[in-house]
Amino acid sequence: MESERYYQPQAETMPVEQIRQMQSEKLVRQVRHVWEHVPPYRTKMEAAGVTPEDIRGVEDLHKLPFLTKADLRDNYPDGFLAVPKADCVRIQSTSGTTGRRVVAFYTQEDVNLWEDCCARAIVAAGGTREDVCQVSYGYGLFTGGPGLNGGSHRVGCLTLPMSSGNTERQIQFMLDLGATILCCTPSYAAYLGEALKEKGYKPEDNKLKAGIFGAEPWTEEMRRDIEKSLGIKAYDIYGLTETSGPGVSFECREQHGMHINEDHFLAEIIDPDTGEPLPDGEKGELVFTSLDKQAFPLLRYRTRDICVLDRTPCPCGRTFVRMSKPMGRSDDMLIIRGVNVFPSQIETVLLQEGYAPNYQIEVDRANNTDTLDVYVELSEEQFTDTVKGVTAAEKKLAGAIKTMLGINPVVHLVAPKTIARSEGKAVRVVDKRKLID
Amino acid sequence: MAIKQISVFLENRAGALEGAVRVLAGAGVDMRAMAIADTQEFGILRLIVREHEAACAALREAGYILAVNDVTAVEIPDEPGGLARVVEILTAAGINMEYSYAFLTQSHGRACVVLRVDDNGKATSALAAAGVETLTSGESGQLPL
């Protein structure tokens, strides 16, 4: 086998003790920065009776208060901005909608760091300056497109900034320009594989060798399907807008957990109920501290993703800890077609449209694309004696949900008291996608 | 006074109609006319009954979603062209018809047609002007049949 290549070998293969030492030094500096420039977090620290002097290294991390998405939302748009706006060069934003949106700010240094992380992922997937990298994540506020685009530039790949959608054009450019690396959501990769097959192309007809897929949960089974249909090796990538975007962690050729870029991000696993840190190897909620970010430096940010950290040495030579694929959420957030969806958002729309909040969300996957069906109990206010009246009410409600979430649901109006209830409590979400094998 | 029609929302599944008509039977309601419009997912049961208020109360009590509308009903000769004439009159008067359904009366040789139109008053006048009598209801919107 060809010897492993790294984008930044010194960092990626740094001895574990050195990583820890580096993290400690960066943490002390970062806590000071946040204390001085982020009043809402300083207030939290004061309430917890912690000052920067109490934080002398990673062993003191547990003394710091947690941050949640609600904290960021409450301080929308720039309460957590830690540098003058003039020092920022970019924002990105979460896919969440009204009331849930988080705006992340970046200095040029922050962008560089983020793009380096994505470049590490591309190199780990075998990328070099000889490669043609097709970036089919959405571009814009969503971090997927901009992140991998930047990483691809850094590696020196010829970058195809396709953005999402327009499958015909995706396939044409993939084949005509000889794309060798594909970056997109796993469901879109699967969809492209199907579309190629329908057009009569065999896996060997494309030049792809690797894919970097993230932004939504996917299974090992899906990985095998994508690898077979596109004739590639499929790599997972993880990230969240709050910490930078994709590239917080990435898979190497071992495909056995994602290496967290520990020189920039300090990871912990906590008990989601008590907030107590858990030992490595135990399943719990992933918490991140950004060690280098200047504009939007979050300390102990609760991701709500449930996973496990693995510190056993990886044969690839990277010394960074590996995280498992997220196995679930410690809140009720769903990721549908790469979009974060909270059931409460659908409830808000129902109330606005004059429906009682008796509903059930059914998420499934058909032809490798997520489907969203919303069952809503009809009330007399919306009922008319004609079929077209009921159908029009369904369409109107679907339109209002689309406006809120950005994804198209199928609305089914159903008879009262037909939504399944367990122990008197309605079952709000039925997720039929088998995301974890 | 126009005739009152009850529309009941039913899910398109086995036993849905049975459930609704059982409720009516239990309340001692006598159905005079009925029709069902159905789609893949749901159906709308349309009813004209003698005991209108009792039927509404019993169905709502049982948890059904109802819509109550005024409809126009006419008695037509049970012969070819009977309905065509009625429809021609309404079309000529510019009245829109959403749907209609027919039922037979106990009186010999007559068929009744329920017409769901956008303007019951206008429909009644247009029909009367053309010599077609509409069925009128009593105080509570019952059919006089």
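1. A short note on the overall build of chain A
Thinking step 1. Across its full length, chain A carries 11 helices and 23 strands.
Thinking step 2. In terms of overall dimensions, chain A is globule-like: its C-alpha atoms have a radius of gyration of 23 Å, near the 22 Å expected for 437 residues.
Thinking step 3. At a minimum sequence separation of 6, the contacts of chain A that also span at least 24 residues come to 67%.

2. A look at the interface of chain A and chain B
Thinking step 1. Facing the 15 residues of chain A at the interface are 16 residues of chain B.
Thinking step 2. Looking at the side of chain A that touches chain B residue by residue, the class counts come to seven nonpolar, five polar and three charged.

3. Examining the domain arrangement of chain B
Residues and elements named next belong to chain B.
Thinking step 1. Under the domain assignment, chain B is made up of domain 1 (3–69) and domain 2 (70–135).
Thinking step 2. Computed over C-alpha atoms, the centres of domain 1 and domain 2 are 23 Å apart.
Thinking step 3. Between domain 1 and domain 2, the contact holds eight residues from the first and nine residues from the second.
Thinking step 4. Mapped by element, the contributors of at least two residues to the side of domain 1 that touches domain 2 are strand 1 (3–11) and strand 2 (31–38).
Thinking step 5. Taken together, the residues of the side of domain 1 that touches domain 2 break down into five nonpolar, two polar and one charged.

4. Looking at the pairing of strand 11 (residues 284–290) of chain A
Residue and element names in this part refer to chain A.
Thinking step 1. Burial analysis of strand 11 places seven of its seven residues in the buried class, the great majority of the element.
Thinking step 2. Taken together, the six bridges between strand 10 (residues 265–270) and strand 11 define a ladder with antiparallel strand orientation. Counterpart to Glu 268 in the pairing with strand 11 is Val 287.
Thinking step 3. With four bridges joining them, strand 11 and strand 12 (residues 301–307) adopt antiparallel strand pairing. Across the sheet, Gly 284 pairs through a bridge with Cys 307, a residue of strand 12.

5. A short note on helix 5 (residues 108–124) of chain A
All names here are of chain A.
Thinking step 1. In this model helix 5 runs 24 Å from its N-terminal to its C-terminal C-alpha over 17 residues, within 8% of the 24 Å that 1.5 Å per residue would give.
Thinking step 2. Burial of helix 5 is extensive: 13 of the 17 residues sit out of reach of the surface.
Thinking step 3. Directly after helix 5, the chain includes Gly 126, whose backbone phi takes a positive value near 95 degrees.

6. Side note on the domain arrangement of chain A
Many descriptions give the size of an interface as the accessible area lost when the pieces come together.
Residues and elements named next belong to chain A.
Thinking step 1. According to the domain assignment, chain A contains domain 1 (9–330) and domain 2 (335–431).
Thinking step 2. The C-alpha centroid of domain 2 is placed 32 Å from the C-alpha centroid of domain 1.
Thinking step 3. Listed as interface residues are 14 residues of domain 1 and, on the opposing side, 14 residues of domain 2.
Thinking step 4. Grouping the amino acids of the side of domain 1 that touches domain 2 by side-chain chemistry returns four nonpolar, seven polar and three charged.

7. Comments concerning the nonpolar core
Thinking step 1. Among the nonpolar cores identified, the biggest contains 89 residues, and Ala 121, Ile 122, Ile 181, Cys 183, Ala 189, Ile 212 and Ala 267 of chain A are the most heavily contacted of them.
Thinking step 2. Sequence-distant contacts of Ala 189 of chain A, defined by excluding residues within four places in its chain, comprise Leu 182, Cys 184, Gly 211, Phe 213, Ile 226 and Leu 230 of chain A.
Thinking step 3. One finds Ile 6, Ile 44, Ile 65 and Val 114 of chain B within the second-largest nonpolar core, a separate group that totals 54 residues.

8. Digging into the packing of helix 5 of chain A against helix 6 (residues 144–155) of chain A
Residue and element names in this part refer to chain A.
Thinking step 1. The contact between helix 5 and helix 6 brings their axes to 7 Å, and the two run at 75 degrees. If you check the angle between helix 5 and helix 6, you find them roughly perpendicular. Along the contact surface, helix 5 presents Val 111, Trp 114, Glu 115, Asp 116, Cys 118, Ala 119, Ala 121, Ile 122 and Val 123, while helix 6 presents Gly 147, Leu 148, Gly 150, Gly 151, Ser 152, Arg 154 and Val 155.
Thinking step 2. Of the residues assigned to the contact of helix 5 with helix 6, the class counts are nine nonpolar, four polar and three charged.

9. Looking at helix 2 (residues 52–61) of chain B
Residue and element names in this part refer to chain B.
Thinking step 1. Taken residue by residue, helix 2 has His 52, Ala 55, Cys 56 and Leu 59 as its buried positions. Across the axial projection of helix 2, the buried residues extend over an arc of 95 degrees, all falling on one side. For helix 2, exposure combined with an orientation more than 90 degrees from the buried face picks out Glu 53, Ala 57 and Glu 61.
Thinking step 2. Looking at the residues trailing helix 2, positive phi occurs at Gly 63, about 95 degrees.

10. Comments concerning the sheet that holds strand 10 of chain A
Thinking step 1. Read from one edge of the open sheet, four strands run 10-11-12-15 (chain A), paired in antiparallel fashion. Where the open sheet ends on each side, the last strands, each with one partner, are strand 10 and strand 15 (328–329) of chain A.

11. Section: unusual backbone geometry
Residues and elements named next belong to chain A.
Thinking step 1. With an omega dihedral of 0 degrees, the bond running from Tyr 76 to Pro 77 counts as a cis peptide bond.
Thinking step 2. Examined against the element boundaries, Pro 77 turns out to sit in the loop between helix 4 (69–74) and strand 1 (88–93).
Thinking step 3. Located in the positive-phi region is Arg 304, a residue other than glycine, with phi close to 70 degrees.
Thinking step 4. At Arg 337, a position not held by glycine, the phi torsion is positive, near 50 degrees.
Thinking step 5. Tracing the sequence through the fold places Arg 337 in the loop between strand 16 (334–336) and strand 17 (339–341).
Thinking step 6. Among the residues examined, Arg 337 registers 22 C-beta atoms within 10 Å and is labelled buried.

12. Overview of the sheet that holds strand 8 (residues 245–251) of chain A
Residue and element names in this part refer to chain A.
Thinking step 1. Spatially, nine strands are ordered 4-3-5-6-7-8-9-14-13 in an open sheet, and the strand pairing comes out mixed. Edge positions in the sheet fall to strand 4 (158–161) and strand 13 (309–310), since each has one partner strand and no second.
Thinking step 2. Two elements, strand 3 (residues 132–135) and strand 4, share four bridges in a ladder whose sense is parallel. Its bridge partner lying in strand 4, Val 132 is registered against Leu 158.
Thinking step 3. On the sheet, helix 9 (residues 220–230) packs against strand 6 (210–214) and strand 7 (233–240) and is oriented at approximately 130 degrees with respect to strand 7.

13. Some words on the environment of Arg 50 of chain B
Thinking step 1. Assignment of secondary structure puts Arg 50 of chain B in the loop between strand 3 (42–49) and helix 2.
Thinking step 2. The class for Arg 50 of chain B is partly exposed, based on 17 C-beta atoms found within 10 Å.

14. What to know about the packing of helix 8 (residues 186–198) of chain A against helix 9 of chain A
Residues and elements named next belong to chain A.
Thinking step 1. As a packed pair, helix 8 and helix 9 sit with axes 9 Å apart at the nearest point and diverge in direction by 35 degrees. For the pair helix 8 and helix 9, the crossing hand works out as left-handed. Along its contact with helix 8, which presents Pro 186, Ala 189, Ala 190, Gly 193, Glu 194 and Lys 197, the element helix 9 presents Met 222, Asp 225, Ile 226, Ser 229 and Leu 230.
Thinking step 2. In terms of residue class, the contact of helix 8 with helix 9 is made up of six nonpolar, two polar and three charged.

What counts, and where the lines are drawn
Residues numbered from 1 in each chain as written. Chains lettered and ligands numbered in written order. Predicted model: local features only at pLDDT ≥ 70, side-chain atom pairs only at ≥ 80, totals over all residues. Helix = DSSP H or I, 4+ residues; strand = E, 2+ residues; numbered from the N terminus. Rg over C-alpha atoms; globule rule 2.2 N^0.38 Å. Contact = placed C-beta atoms within 7 Å. Nonpolar A, V, L, I, M, F, W, Y, C, P; charged D, E, K, R; others polar. Domains from an automatic or database assignment. Buried ≥ 20, exposed ≤ 12 C-beta atoms within 10 Å, placed from the backbone. Pairing = 2+ DSSP bridges. Expected span 1.5 Å × (residues − 1). Core = buried A, V, L, I, M, F, W, Y, C linked by C-beta atoms within 7 Å. Axes fitted to C-alpha atoms, helices over the stretch in contact; angles between N-to-C directions. Parallel < 35°, antiparallel > 145°, perpendicular 65-115°, else oblique. Arc of directions from axis to C-beta. Left-handed = near helix turned anticlockwise from the far one by under 90°.

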